[in-house]
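Listed here are the chains, written in short residue letters.
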Amino acid sequence: MAASLHGIWSASCMFMCVFVFMLLNTTCQAQLSTTYYDTSCPNALNTIRTAIRSSIAADRRMAGSLIRLHFHDCFVQGCDASILLDESPSIQSEKTAFANDNSARGYNVIDNAKSAVERVCPGVVSCADIMAVAARDASAYVGGPSWAVKLGRRDSTTASRSLANTDLPGFGDSLETLIAMFDRKGLNARDMVALSGSHTIGQAQCFTFRDRIYSNSSNIDPGFATTRRRNCPVNSGDANLAPLDLVTPNSFDNNYFRNLMQRRGLLQSDQVLFSGGSTDSIVSEYSRNNSPFREDFASAMIKMGDIDPLTGSAGQIRRICSAPN
């Protein structure tokens, strides 16, 4: 009888241990939710939207910059606002990584949005979530798609310049390299092409496309190359700007893909999407019909926002976005 009771007690104890472990594990792996701030900060999204709209109204180019900022954050350590951290004795800032240095923009816009949210509900909304919402609001403001942003990310206390230098795509990357880099983040080739379509807005610096426009390659339209050379000399003007979409550079549409089909992609990493490779059919589809592009872009942005977020008790809610608490 005693042995039987002991067996029952042992089984019950084991069940409780398993239950507690599962409960703790679920808590640690809390899921993001579109309603995350509905109770804790119901005015958060409207407050962020107001700040983002104001910034883009003052600088139309900022729309593309904010989408890119979220992308560059998520590809390094996950969507944890690590890109916003300044250099310190314990932090090697991602801001000075090759793909970000004197290139990534919008830090001040996120700071302003954070300050506005802090006045409404201090210590509740993460910088990582603000960036995710800002990217959505930037897209919608310039005529692009909108989507329900999943929320509940927390902010990292660390950054990684070395990972930023290896994990962020480069302007000269091949199609195979791009597909592999996105695949490592859980994004397929279609996601990659759709996300590249954010280059329908924004501008690039001369040094990122100089080799392409002076290459005399068969994969660039000669007239387009000549036009771009006027503001991008061979040996100077590294920071001179050119629109990524030469037709409608301030509107979110599918002209970017039409440009690629005419060999008028500004960056080499743009043109490789339509150069006889596996993604040609996707570019062709998006160029003919804007709707699939918009739908796929929104879907890909949601998937990108799911890359390794900090949730539950991991990380922190930074008081200011440029430094840990």
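Residues numbered from 1 in each chain as written. Predicted model: local features only at pLDDT ≥ 70, side-chain atom pairs only at ≥ 80, totals over all residues. Heavy atoms only, no water.

Asks: Give me the UniProt feature "binding site: substrate" (unreviewed entry) in the chain: which residues, what numbers.
Replies: Taken from the UniProt record, the annotation "binding site: substrate" (unreviewed entry) applies to Pro-169. What makes Pro-169 buried here is its relative accessible area of 18%. Every residue in contact with Pro-169, bar those within four places of it in the chain, is listed here: Phe-71, Phe-75, Leu-178, Met-181 and Phe-182. (UniProt positions renumbered as here; feature names shortened; annotations may be inferred. Buried < 20%, exposed > 50% of the residue type's maximum accessible area, 1.4 Å probe, protein only. Contact = heavy atoms within 4.5 Å.)

Asks: Before we move on, could you go through the environment of Phe-293 and cite the residues and values that matter?
Replies: Mapping Phe-293 onto the fold places it in helix H14 (residues 290–305). Classification of Phe-293 as buried rests on a relative accessible area of 0%. In sequence terms Phe-293 and Pro-145 are 148 residues apart; their C-alpha atoms lie 9.4 Å from each other. The residues touching Phe-293, leaving out its near neighbours within four places in the chain, are Ala-194, Gly-197, Phe-252, Asp-253, Asn-254, Phe-257 and Tyr-286. (Helix = DSSP H or I, 4+ residues; strand = E, 2+ residues; numbered from the N terminus.)

Asks: I'd love a proper account of the UniProt feature "binding site: Ca(2+) 1" (unreviewed entry) in the chain, names of residues and values included.
Replies: UniProt's feature table lists "binding site: Ca(2+) 1" (unreviewed entry) at Asp-73, Val-76, Gly-78, Asp-80, Ser-82 and Glu-94, given in the numbering used throughout. What stands out for the annotated residues spanning 22 residues is how close their C-alpha atoms remain, the widest pair being 12.9 Å apart. Classification of Val-76 by relative accessible area gives buried; the value is 0%. Not counting residues up to four positions away in its chain, the partners in contact with Val-76 are Ser-82, Glu-94, Ser-160, Leu-163, Ala-164 and Leu-168. Residue position: Asp-80 is located in the loop between helix H3 (62–74) and helix H4 (107–120).

Asks: Residues and numbers for the state of the cysteines, please.
Replies: Counted according to the given criterion, the structure contains four disulfides. With its sulfur 2.1 Å from that of its partner, Cys-127 forms a disulfide with Cys-321. The disulfide joining Cys-127 to Cys-321 has a torsion of about -95° about its S-S bond and is therefore left-handed. Of the two residues, Cys-127 is situated in helix H5 (residues 127–141) and Cys-321 in the segment after H14; the sequence distance between them amounts to 194 residues. Summarising the burial analysis for this pair, Cys-127 and Cys-321 share the class buried. There is a disulfide in this structure between Cys-206 and Cys-232, and the S-S distance comes to 1.8 Å. Handedness of the Cys-206-Cys-232 disulfide follows from its S-S torsion of about 75°: it is right-handed. One end of the pair, Cys-206, is in helix H9 (residues 206–213); the other, Cys-232, is in the loop between helix H10 (222–229) and strand S2 (241–243), and 26 residues separate them in sequence. Bonded cysteines in the chain are paired 1-4, 2-3, 5-8, 6-7 when counted in the order they occur along the chain. (Disulfide = S-S within 2.5 Å.)

Asks: Requested: an account of the confidence of the model for the chain, with residues and values cited.
Replies: Residue-level pLDDT values for the chain average 92, and 91% of them are 70 or greater. The model gives residues 8–29 a pLDDT under 50, and that stretch makes three contacts with residues more than four places away or in other chains. (pLDDT = per-residue confidence, 0-100.)

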